[in-house]
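Descriptive structure summary
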Amino acid sequence: MTDQTMTPEERAASLEGMGCRRKRVEDVRFTQGKGNYVDDVKLPGMLFGAFVRSPYAHARVKSIDAEAAKALPGVVAVLTAADLAPLGLHWMPTLAGDKQMVLADGKVLFQGQEVAFVVAEDRYLAADAVELVEVEYEELPVVTDPFKALEPDAPVLREDIKDQKEGAHGPRRHHNHIFTWEQGDRDATEKVLAEADVTVEEMIHYHRTHPCPLETCGCVASMDKATGKLTVWGTFQAPHAIRTVVSLISGIAEHNIRIISPDIGGGFGNKVGAYPGYVCSVVASIVTGRPVKWIENRMENLMSTAFARDYWMKGRIAATKDGRITGLWCHVTADHGGFDACADPTKFPAGFFNICTGSYDIPTAYLCVDGVYTNKAPGGVAYRCSFRVTEAAYFIERMVELLAIELNMDAAELRRINFIRKEQFPYASALGWEYDSGDYHTAWDKALKAVDYEWLRREQARRIEDFKAGRTRKLLGIGLSHFTEIVGAGPVKNCDILGLGMFDSCEIRIHPTGSAIARLGTISQGQGHATTFAQILASELGIPASDITVEEGDTDTAPYGLGTYGSRSTPVAGAATAMAARKIRAKAQMIAAWLLEVHDDDLEWDVDRFVVKGAPERFKTMKEIAFAAYNQAIPGLEPGLEAVSYYDPPNMTYPFGAYVCVMEIDVDTGEWKVRQFYALDDCGTRINPMIIEGQVHGGLTEALAIAMGQEIAYDEMGNVKTGTLMDFFIPTAWETPNYVTDHTVTPSPHHPIGAKGVGESPNVGGVPAFSNAVHDAFRAFGLRQAHMPHDHWRIWRIAENLGLHG
Ligand code: CDP
């Protein structure tokens, strides 16, 4: 079959564009062990850095004696805060407008805090030298409870700012208080609650956990003294932002800094922030004139790099007798650890938590968040979520379940009568967002039908009878969740990080023979960007996806962008990709018109070519146009076929989904088994259905982990109790259930291809589905609220407290 004989449908299929289940091109390398991760970077003369870390959660550092370490053959340097202070680098700014010690400056505020940086000829020597550094500590009282941290006589944690009445986000009212952030109408909400037929009040805790990528954080810094150029390879989810920040902190001109994110073995938010390891490696490279590598071990990663969640959410919800929700009130006590290093857009100190009205048409709402310092690791990153959306979704999905209990209503029906209706979009929420599009009723009905919800409820009722009659010791929980996400930060007018506007970018070059390279400001960490961004281009440009190279992560070549996290790649860089392609197509149309000797307006686009209207035999393919762009002198047009787009989205996108989890629970052992999990996601236009399914499987498995066992737990002394993978739950194939995925398609009206993000949706919607299943199993026996994670011991305790063990 030739180009001319193929039908438009066949030509479209041969492009492997949007909608195609194209296999991931990345996997050819990855499955052959040919990935290139930061620890694969090996440079001549490279040194290795390792940290001396604090065993205490709160202590004064009386002295540091590094002489024995320095005397060890092969040790090149030992850096302490005293060495960094003359450079002004012993503290660094955090993404949240606070500052953080790079190396302990007089005291430590959490277990695992960086105290000294040893630089040696190899990693084993560095580890030995760490043991030889003598640090004298004086223990101080430890505070791990954010409520106790706010008591009047609580120990002062941040002595550096104890008298500072103003923080980065407004007034501070206590020495351990960071900020208060209010949204919505407090008086109106109080009034609705006071006058409501029904109200429910509950404390919902979303425990502290940690994104746990297979690859830990690390970098290689290499200062070339001859050229004055600093190159840093690292696990960076936002390489351009890191370049700008490094330039601002170090004073090195930005053009002399090259940041490279090579392959990244999972990010999930863990690799957004800047860590002391990066600063120390750069300084050590400048001081020694040699490349310096720093790679965290697993315990360091769990103990000291960015945590997630740790929100205490006090909620009140009001409704009419027949179940119409009339108001929502929420107060959050947010435990930020020793430094406020939350990775949120500047104007949103609690991220996008104000999406906590969820999928429901709630006319009145009020939210207040208090950020608090404690003796825990800093961070507050969006662990596979868009800036605290996961906490918000969990909060509202628990509140709705509690309201259903109070009203003695079916929780699915309560949701249905409160959903924002399709015709209400774009929908202005009571807490300040404009949801772009949605069709929640269709999704919900499809989900309930798919699992045969009515039948499941009948089975559950029979199970309860059997349990009461002593015929079984296993209960059945039906966990429902309908979530609305908010992904795709910008717009620049609302969203910046450290003053850097959150747009994104794509630059495309079409080569003379019709293949292409596209470079983006984002960086894949396993999401398959090289596969899917080529698919957008294939559909927009009529070039086969297999003829398009997608490159990310090198600031010397990629256009400036704010990186990949918060499912922003598709909503922002995906839009930039389409827009840059359209610029190319506009020029291609002019070239085709000249070649075909017709007016531009006489041409129409047909899959991979411009065709003269009414004369389908007269056309020029994109391949022909590309060749002409470089090789013909076309009057009034520059040679070449390239374009770049910097895309500032007009709004965020609001993907949504309907999930149902069916769980068996053994009352006597607390063991659980997910019998069925149905996940319907609506992420607008679907670029690659197979990659979407992969994203949903991965996100649900992380949600399972978080809901059912994963936790960063501390004892009262501030010791991390879950610092290894023996204690920190990572599901294996053994625990992971089969998932059934499904979808509806409600395009985003403002996105050039109608796509919304999807990577985080399953984590956002999955956690409430798993947790609601546990709660639902015990609903008939009086359970209202049990804090996550629902490990066997905690589930056993629920049963014990409800008197089910006889
Ligand atoms: O920003 P991040 O890549 O983590 O998240 P995303 O934008 O949700 O994209 C995750 C993966 O799913 C990418 O490979 C996207 O191209 C793909 N995706 C898709 O195929 N269709 C969508 N509507 C959204 C994402």
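As a convention, each chain's residues are numbered from 1 in the sequence order in which they are written. Side-chain atom pairs in this predicted model are given and counted only at pLDDT of 80 or more, local residue features only at pLDDT of at least 70, and totals for whole chains, interfaces and linings cover all residues. Hydrogens are left out, water is left out, and the side-chain values use all remaining heavy atoms of the structure.

Helix and strand assignments follow DSSP, with helices taken as H or I runs no shorter than four residues and strands as E runs no shorter than two, numbered in order from the N terminus. If you tally the helices and strands in the protein, you get 20 helices and 34 strands. Expected size for 806 residues packed as a compact globule is a radius of gyration near 28 Å; at 28 Å, the protein falls within 12% of this value. Out of the 806 residues belonging to the protein, those deemed buried represent 62%. If you take every contact in the protein between residues at least 6 apart in sequence, the share linking residues at least 24 apart comes to 79%. Note on areas: Shrake-Rupley with a 1.4 Å probe; residue coverage comes only from the protein chains shown. Surface accessibility of the protein: about 29,100 Å² in total, with carbon and sulfur atoms responsible for 53%. Positive charges come from Lys and Arg, negative ones from Asp and Glu, while His and the chain ends are left out of the count. Lys charges are placed at NZ, Arg charges at CZ, Asp charges at CG and Glu charges at CD. Positive and negative charge centroids in the protein, built from 78 and 106 side chains respectively, lie 2 Å apart. Atoms counted for the radius of gyration: C-alpha only. Globule rule: 2.2 Å times residue count to the power 0.38. Note on exposure labels: buried denotes an accessible area under 20% of the residue type's maximum, exposed denotes more than 50%, and partly exposed covers the range between, all computed with a 1.4 Å probe on protein chains only. Residue contacts follow a heavy-atom distance rule, with two residues in contact if any of their heavy atoms lie within 4.5 Å.

The next point concerns the sheet that holds strand β16 (residues 292-295). A pair of strands counts as paired when DSSP detects no fewer than two bridges linking them. Sheet architecture is open: 7 strands sit in the order β3-β7-β1-β16-β13-β14-β15, paired in mixed fashion. On the outer flanks of this sheet lie β3 (75-79) and β15 (257-260), each paired with one strand and no other. If you compare each strand with its neighbour and ignore which way they point, the axes differ by 20° on average. Bridge count between strand β14 (residues 229-234) and β15: 4 bridges; the pairing is parallel. Counted as the bridge partner of T231 is R258 from β15. Lines fitted to the C-alpha atoms define the axes, with helices restricted to the stretch that makes contact. Angles between their N-to-C directions range from 0 to 180 degrees. Along the sheet, helix α5 (residues 123-132) contacts β1 (47-53), β3, β7 (114-120) and β16; its crossing angle with β1, the most-contacted strand, is approximately 25°.

On to the site of the ligand, then. Close to the ligand lie 23 residues; Q527, H529, S569, T570 and V758 are nearest. In the environment of the ligand, an oxygen atom lies 2.6 Å from a nitrogen or oxygen atom belonging to the side chain of T570. About the coverage of the ligand: the protein hides 98% of its 520 Å² of free accessible area. Broken down by secondary-structure element, the contributors of at least two residues to the shell around the ligand are α15 (529-541), α16 (569-596) and α18 (689-708). Segmentation into domains, and thus their bounds, comes from an automatic or database assignment. Shared between two domains, the shell around the ligand takes at least three residues from each, and those domains are domain 1 (8-35 + 503-647) and domain 3 (307-489 + 652-802). Note on definitions. A residue lies near a molecule or strand when any single heavy atom of the residue is within 4 Å of it. Under this definition, polar contacts are N or O atom pairs within 3.5 Å; protein pairs additionally need one hydrogen-donor-capable and one acceptor-capable atom, and for neighbouring residues in sequence, both atoms have to be side-chain atoms.

Glancing now at the nonpolar core. By size, the foremost hydrophobic cluster in this structure holds 185 residues, and its most contacted members are F353, F770 and F778. Ranked by residues supplied to this core, first place goes to helix α11 (residues 389-407) with 12 residues. Ignoring sequence-local partners within four residues, the contact set of F353 consists of Y311, M313, C330, V332, L367, F387, R388, E391, A392 and F395. The term nonpolar core refers to a set of buried residues drawn from Ala, Val, Leu, Ile, Met, Phe, Trp, Tyr and Cys, joined through side-chain atoms within 4.5 Å. Residues C506, L520, I536 and A573 belong to the second largest nonpolar core, which totals 47 residues.

In terms of domain boundaries, the protein breaks down into domain 1 (8-35 + 503-647), domain 2 (38-140 + 216-264 + 271-304) and domain 3 (307-489 + 652-802). Taking only C-alpha atoms, the centre of domain 1 and the centre of domain 3 are 37 Å apart. The interface is formed by 29 residues belonging to domain 1 together with 26 residues belonging to domain 3. Each reported salt bridge corresponds to a side-chain nitrogen of Lys or Arg within 4 Å of a carboxyl oxygen of Asp or Glu. Two residues, R21 and E693, come together in a salt bridge whose shortest N-O distance is 3.0 Å. In this structure, the connection of domain 1 to domain 3 is made through 13 residue pairs in polar contact (both at pLDDT 80 or more). Every element with two or more residues in the side of domain 1 that touches domain 3 is listed here: α15 and α16.

The next point concerns the packing of aromatic side chains. What counts as a ring pair is set by centres within 6.5 Å for rings of Phe, Tyr and Trp (its six-membered ring), and what kind of pair is set by the plane angle: stacked under 30 degrees, edge-to-face over 60, tilted for all other angles. Applying the stated criterion across every chain, the model contains 34 aromatic pairs. An angle of 90° between the planes, with centres 5.2 Å apart, marks the rings of F348 and F352 as edge-to-face. Here the aromatic rings of F677 and Y739 are separated by 5.8 Å at their centres, their planes lie at 85°, and the arrangement is edge-to-face. Note that F677 is positioned in strand β33 (residues 672-682) and Y739 in the loop between α18 and β34 (740-743), a separation of 62 residues in sequence.

Where helix α12 (residues 411-418) contacts helix α13 (residues 440-451), the two axes come as close as 10 Å, and the packing angle between them is 160°. Of the possible angle classes, the one that applies to α12 and α13 is roughly antiparallel. Between α12 and α13 lies a crossing whose hand is left-handed. In contact with A412, R415 and R416 of α12, α13 contributes H441, W444, D445 and L448. Geometric relationships in this document are graded by angle, where less than 35 degrees denotes roughly parallel, more than 145 denotes roughly antiparallel, 65 to 115 denotes roughly perpendicular, and other angles denote oblique. Should the near helix be turned counterclockwise from the far one by less than a right angle, the crossing is left-handed, whereas a clockwise turn marks it as right-handed.

The omega angle of the peptide bond from F425 to P426 is -5°, so this bond is cis rather than trans. For P426, the position within the fold is in the loop between α12 and β20 (427-428). Put simply, A489 and G490 share a cis peptide bond, and its omega is 0°. Tracing the backbone shows G490 in the loop between β22 (474-484) and β23 (496-497). Look at R384: it is not a glycine, yet its phi comes out positive at around 45°. Despite not being glycine, F387 has its phi angle at roughly 50°, a positive value. Within the element layout of this structure, F387 appears in the loop between β19 (364-372) and α11. Looking at F387, the relative accessible area reads 4%, which means it is buried.

The next thing to look at is the UniProt feature "domain: Aldehyde oxidase/xanthine dehydrogenase a/b hammerhead" (unreviewed entry) in the protein. UniProt's entry tags residues 32-141 with the feature "domain: Aldehyde oxidase/xanthine dehydrogenase a/b hammerhead" (unreviewed entry), counted in the numbering of this structure. Along residues 32-141 one finds 17% helix and 36% strand; the C-alpha atoms at either end are 52 Å apart. UniProt positions are given in the numbering used here, feature names are shortened, and annotations may be inferred rather than shown by experiment.

With respect to the secondary-structure elements, N688 resides in the loop between β33 and α18. Counting along the chain gives 157 residues from N688 to T531, while the straight-line C-alpha distance between them is 8.6 Å. Each residue touching N688, except ones within four places of it in the same chain, is listed here: C20, R21, R22, T531, T532 and Q535.

Across all of its chains, the model carries 62 salt bridges by this definition. Taking the shortest distance from any N to any O, the salt bridge between K62 and E138 comes out at 3.2 Å. In this pair, K62 sits in strand β2 (residues 59-65) while E138 sits in strand β8 (residues 134-139), placing the two residues 76 residues apart along the sequence. Of the residues examined, K62 reaches a relative accessible area of 47% and is grouped as partly exposed. In this structure, D335 and K376 form a salt bridge, with 2.7 Å as the shortest nitrogen-oxygen distance. With a gap of 41 residues between them, D335 in strand β18 (residues 325-335) and K376 in the loop between β19 and α11 connect regions that are remote in the sequence. Each member of the pair, D335 as well as K376, carries the same accessibility label: buried. Salt bridges sharing common partners tie together E507, R509, R519, E551 and E642.

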